[in-house]
Amino acid sequence: AQKITQTQPGMFVQEKEAVTLDCTYDTSDPSYGLFWYKQPSSGEMIFLIYQGSYDQQNATEGRYSLNFQKARKSANLVISASQLGDSAMYFCATEGDNYGQNFVFGPGTRLSVLP
Amino acid sequence: DAGVIQSPRHEVTEMGQEVTLRCKPISGHNSLFWYRQTMMRGLELLIYFNNNVPIDDSGMPEDRFSAKMPNASFSTLKIQPSEPRDSAVYFCASSFPQGGYPLRYNEQFFGPGTRLTVL
């Protein structure tokens, strides 16, 4: 079974600085996808970024980038130029080869951006 | 385009009552997922459907929980009888199939959730 570990229950960052949220995963699937979601205090789950295990380049979406290190099984989210609106819970997730199955979420990291 | 629609957004009920949560996935999506989120257990996958067929219900906590998907545009999650420990936020999510070359695993689009409180 797949597993996601997010070792930082909470993080603080100063506005306009960059921050890295850690995610490590455990899977035996040869092919898989990695996802990051944001959950602000309003509760909705917002998809941020996707990385495929065979993608040659690290994914980027605006201020979000994914530092994918396959050999270390890590998929850290980097947020550049933090904004107050980035304060939220962030979840790392993975999906493997069993179609539609094993969409596993990590426990999340609560990010607080300080003015 | 409309996203995933869930109703009701909030539900307060008394222990022992039947609760039915509803979900309309995004048109064209053929996978539908039900999740439960609590502070203690985080986000848990309860059941997912592919082409209206339940594929994996191993996350359903017990027989009091049941889910149906009678057609591609509607699903329900029912709790009967409800208990206080069922209090949580229930999310429905949908996605379209992985595919393409290179293989692309598709993100799930979440509904706004239903906050259930069982007294």
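Residues numbered from 1 in each chain as written. Chains lettered and ligands numbered in written order. Predicted model: local features only at pLDDT ≥ 70, side-chain atom pairs only at ≥ 80, totals over all residues. Heavy atoms only, no water.

To continue, consider the interface of chain A and chain B. Facing the 19 residues of chain A at the interface are 19 residues of chain B. For the pair chain A and chain B, the interface holds zero salt bridges. Of all the secondary-structure elements, those providing two or more residues to the side of chain A that touches chain B are strand 5 (33-39), strand 6 (46-52) and strand 10 (88-95) of chain A. Per-element tally for the side of chain A that touches chain B: the top contributor is strand 5 of chain A, with four residues. (Contact = heavy atoms within 4.5 Å. Salt bridge = Lys/Arg side-chain N within 4 Å of Asp/Glu carboxyl O. Helix = DSSP H or I, 4+ residues; strand = E, 2+ residues; numbered from the N terminus.)

Moving on, we come to the state of the cysteines. Residues and elements named next belong to chain B. All told, the structure shown has two disulfides over all chains when counted by the stated rule. Between the sulfur of Cys23 and that of Cys92 lies a disulfide, 1.8 Å long from S to S. One quick way to see it: the torsion about the S-S bond of Cys23 and Cys92 is about -65°, and its sign makes the bridge left-handed. Taken as a pair, Cys23 in strand 3 (residues 19-24) and Cys92 in strand 9 (residues 88-95) lie far apart in primary sequence, 69 residues in all. For the pair Cys23 and Cys92, a shared accessibility class is recorded, and that class is buried. (Disulfide = S-S within 2.5 Å. Buried < 20%, exposed > 50% of the residue type's maximum accessible area, 1.4 Å probe, protein only.)

A word on the side chain of Ser53(A). Residue and element names in this part refer to chain A. Relative to the helices and strands, Ser53 is located in the loop between strand 6 and strand 7 (60-61). Note on Ser53: relative accessible area 3%, which makes it buried. When residues no more than four places from it in sequence are discounted, the contact partners of Ser53 are Pro30, Ser31, Tyr32, Phe68 and Lys70.

What follows is about the confidence of the model for chain A. Mean pLDDT over chain A: 92, with 95% of residues reaching 70 or higher. Within chain A, the element-level pLDDT minimum falls on strand 11 (residues 104-105) of chain A, averaging 89, and the maximum on strand 3 (residues 19-21) of chain A, averaging 98. (pLDDT = per-residue confidence, 0-100.)

On to the sheet that holds strand 7 (residues 65-71) of chain B. Residues and elements named next belong to chain B. Ordered by their spatial adjacency, four strands build an open sheet running 1-3-8-7, and the pairing between neighbours is antiparallel. On the outer flanks of this sheet lie strand 1 (5-7) and strand 7, each paired with one strand and no other. The average undirected angle you get between the axes of adjacent strands in this sheet is 15°. Both strand 3 and strand 8 (residues 74-79) contribute to a ladder of five bridges, which runs antiparallel. (Pairing = 2+ DSSP bridges. Axes fitted to C-alpha atoms, helices over the stretch in contact; angles between N-to-C directions.)

In this section: the environment of Tyr35(B). Assignment of secondary structure puts Tyr35(B) in strand 4 (residues 31-38). In the structure, Tyr35(B) is positioned 58 residues away from Ala93(B) in sequence and 7.9 Å away in space, judged by C-alpha atoms. Not counting residues up to four positions away in its chain, the partners in contact with Tyr35(B) are Phe103(A), Phe105(A), Leu43(B), Glu44(B), Leu45(B), Leu46(B), Val89(B), Tyr90(B), Phe91(B), Ala93(B), Gln108(B) and Phe110(B).

Residues and elements named next belong to chain B. Counted according to the given criterion, the structure contains 10 salt bridges over all chains. Put simply, Lys78 and Glu18 hold a salt bridge, and the shortest N to O gap is 3.8 Å. Pair noted here: Lys78 is in strand 8 and Glu18 is in the loop between strand 2 (10-13) and strand 3, with a separation of 60 residues, a long-range link. With its nearest N and O atoms 3.5 Å apart, the salt bridge here joins Arg64 to Glu83. Of this pair, Arg64 sits in the loop between strand 6 (53-56) and strand 7 while Glu83 sits in the loop between strand 8 and strand 9, and the two are 19 residues apart along the sequence. By relative accessible area, Arg64 is classed as buried at 9%. Judged by its relative accessible area of 22%, Glu83 falls in the partly exposed class. Here the salt bridges do not stand alone but share partners, grouping Glu62, Arg64, Glu83, Arg85 and Asp86 into one network.

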